[in-house]
Amino acid sequence: MNLFLMAFKTFRRNRIRSALTIGGVAIAVAVLVTLLGFDAGYQQALERDIDRMGYQVLVTAKGCPYEAATLMLKGGGGLRYMEQEVHDRIIEDERIDEISPQLVATSYGSGEGGTSVAMFVGITEAHMRLKPWVTFSSGGWFTDDIADEAIMGYEAAELEQRHVGDRIYVSGIDRVFTVVGIFDRTGTQDDGAVFLPLGTAQTAFGLDGRISGIGIKLKDIGQLASFEEDLYHEPGIQVVSMAQVRGTILNLMASARTLTSSIAAVAIIVAIIGVMNTILMSVFERTRQIGVMKAVGASRFDVFRLVWIETTLVCAVGGVAGISIAVLAGRVGEHLFRLILPYSPGGRLVVVSGALLLASMLGAVIVGIIAGLYPAARAASMRPVEAIRSAE
Amino acid sequence: MAVDAVDLAIEEGDFVSLMGPSGSGKTTLLDLIGCLDSVTSGRLVVLGHDVSDASESDLVSVRRGAIGFVFQDFLLIPELTAAENVQLPSVFARSMPDKEGAVALLEQVGLADKADRLPKELSGGERQRVAIARSLASSNGLLLADEPTGNLDSANSDAVFSVFERLNAERGLTVVLATHDGAIGSRTPRSIRMHDGAIAEDRRS
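Residues numbered from 1 in each chain as written. Chains lettered and ligands numbered in written order. Predicted model: local features only at pLDDT ≥ 70, side-chain atom pairs only at ≥ 80, totals over all residues.

## Describing the overall build of chain B
Scanning chain B from N- to C-terminus turns up seven helices and eight strands. Going through the 205 residues of chain B one by one, you find that 50% of them count as buried. Sequence separation of at least 24 residues holds for 68% of the intrachain contacts in chain B that already meet a minimum separation of 6. (Helix = DSSP H or I, 4+ residues; strand = E, 2+ residues; numbered from the N terminus. Buried ≥ 20, exposed ≤ 12 C-beta atoms within 10 Å, placed from the backbone. Contact = placed C-beta atoms within 7 Å.)

## Focus: the interface of chain A and chain B
Each side of the interface is counted separately: chain A has 20 residues, and chain B has 24 residues. At the level of secondary structure, the elements contributing two or more residues to the side of chain A that touches chain B comprise α1 (3-11), α10 (287-295) and α14 (384-389) of chain A. Per-element tally for the side of chain A that touches chain B: the top contributor is α10(A), with five residues. Residues of the side of chain A that touches chain B, tallied by class, amount to 10 nonpolar, five polar and five charged. (Nonpolar A, V, L, I, M, F, W, Y, C, P; charged D, E, K, R; others polar.)

## Section: the confidence of the model for chain B
All names here are of chain B. A residue-level look at chain B finds 99% of positions with pLDDT of 70 or above and a mean pLDDT of 86. Taking the mean pLDDT of every element in chain B, the minimum, 82, falls on helix α7 (residues 182-185) and the maximum, 92, on strand β1 (residues 15-19). Here the predicted complex carries an ipTM of 0.86, next to a pTM of 0.69. (pLDDT = per-residue confidence, 0-100.)

## What to know about the nonpolar core
Core analysis: the biggest nonpolar cluster contains 168 residues, and Val25(A), Val194(A), Leu106(B) and Ala133(B) have the highest contact counts within it. Considering each element in turn, this core owes the most residues, 16 residues, to helix α2 (residues 15-53) of chain A. When sequence neighbours within four positions are dropped, the list of residues in contact with Val25(A) reads Ala271(A), Val275(A), Val314(A), Cys315(A), Gly318(A), Gly319(A), Gly322(A), Ala364(A) and Val367(A). (Core = buried A, V, L, I, M, F, W, Y, C linked by C-beta atoms within 7 Å.)

## A closer look at the sheet that holds strand β7 (residues 190-195) of chain B
All names here are of chain B. What the six strands build is an open sheet, ordered β4-β5-β6-β1-β7-β8; its pairing is mixed. Looking at strand neighbours, the two that pair on one side only are β4 (67-70) and β8 (198-204), the edges of this open sheet. Adjacent strand axes in the sheet meet at a mean angle of 15 degrees, parallel and antiparallel pairs treated alike. Pairing of β1 with β7 involves four bridges; the strand directions are parallel. For Leu-18, the partnering residue across the bridge sits in β7 and is Ile-192. Along the sheet face, helix α5 (residues 124-138) touches β4 and β5 (142-146) and points at about 165 degrees away from the line of β4. (Pairing = 2+ DSSP bridges. Axes fitted to C-alpha atoms, helices over the stretch in contact; angles between N-to-C directions.)

Following this line, the structure appears as structure tokens:
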């Protein structure tokens, strides 16, 4: 037998109280793991989303550049529109590797499953050159640029149970489109969109000759500053670099992180107080036993270590439980984040790495070490004769 | 002041009972002899160590592995088995406690077959015998018992007292026990009667 076994047996003594204390630690650890996992996951997902847009520069109508960029990222209505002539003018620029105009609009669609809001994106073949990794799971490209045809994103097709050859009626614009293709899953917002030929989209939404934005991939990203400078004189447009958008969104998230970190800090403090309270109660209940331990030879340090081990054990078990909850309920957390956030990238939002798990486990043990200090010191300082004779 | 002007020498191998009414100072004297408490004045020598001005850590050093205690309420650790309770002093003495050693001590009190029982699964007499076995694990010559039969019926009291008698006779342990029970006190070779913190009578039979 040793102190660890004794601590373990004491820990099992009052199972309900131990379970409640472990629950408190587990919740704090689960919150911490989820928030830190979200912090890492969001950044990765955002970078992946931006990379998967395929362009480094976005030309949009004048207005808030970041609003425009996030709307291009997440889709949705409310975009300002610009003349397609801008595209036709700048396409000749030799610094451009690929250029893809697009029109984003939303409308009500109705099918067998009822009515729903859908994001429609008018594109040209340049879209496929800008995103060479996009492939078809079935079907293929539009017949021509004005055909009443649609290509559906993977999730949009799955949600609506659509197949190539199906006809979809969009009640908001009173148009019917034939599904000619379904894209493979990309892990981005494109998965939830319905793509139309650019010309068709412009006519259908009453936006002839207008587009939402132009995605541009430069031959050399180092030329971004001069490219932006040259477009400065173009009336009614602005140039947004996706690196800037990434930085701005991450800056906004950093502010949110301060809030979430505060929540995590409060959870940890509550856990520490909870554990401290439980262990202190346990120490007071065992006053006479502690006296006996001292009588049979336990030093102050022995008693201190015993109580400290108990506390650390409670927190370590709580840490394991919390990590398990965070891993198992990660999808739930992700769903909540998506509900709360105005913009969330596609793919996994909460990424729990091995390093994070290790750090969280270490954190739980540190919580135990801190929470155990005072109860352990109280137990160690008990005088044996008073402890044994207490409440006799 | 619980004890005052006590002039007492207990020899190695003595079997002594401390008698007297409540508040007479029996338990305090036992605590002092057991190095659980320290004197405020005078001189106290235990097992050859002058502990008159000893610090708490010095007192721990003297009692660890040398002095065994038995209490009226047994004071066993409820979540540990009988054998584990007996191993407890060795855990703190860092002497690599083993179950076989604990069972051997339990055998001396007739409880080897109940080594794996928890205290709640034992009778009062059995619990006290486990406590005696534990005291043997922490004792290297001196065994102190405070009202060891106080919570037991007469049959169990007899059984427990017999264990003390045997340990004194066979192992030469010095046994000091505080008791209210005149019948128990009269069976020890030396009986000290206390009154108001002082020794009123020191009788050898």
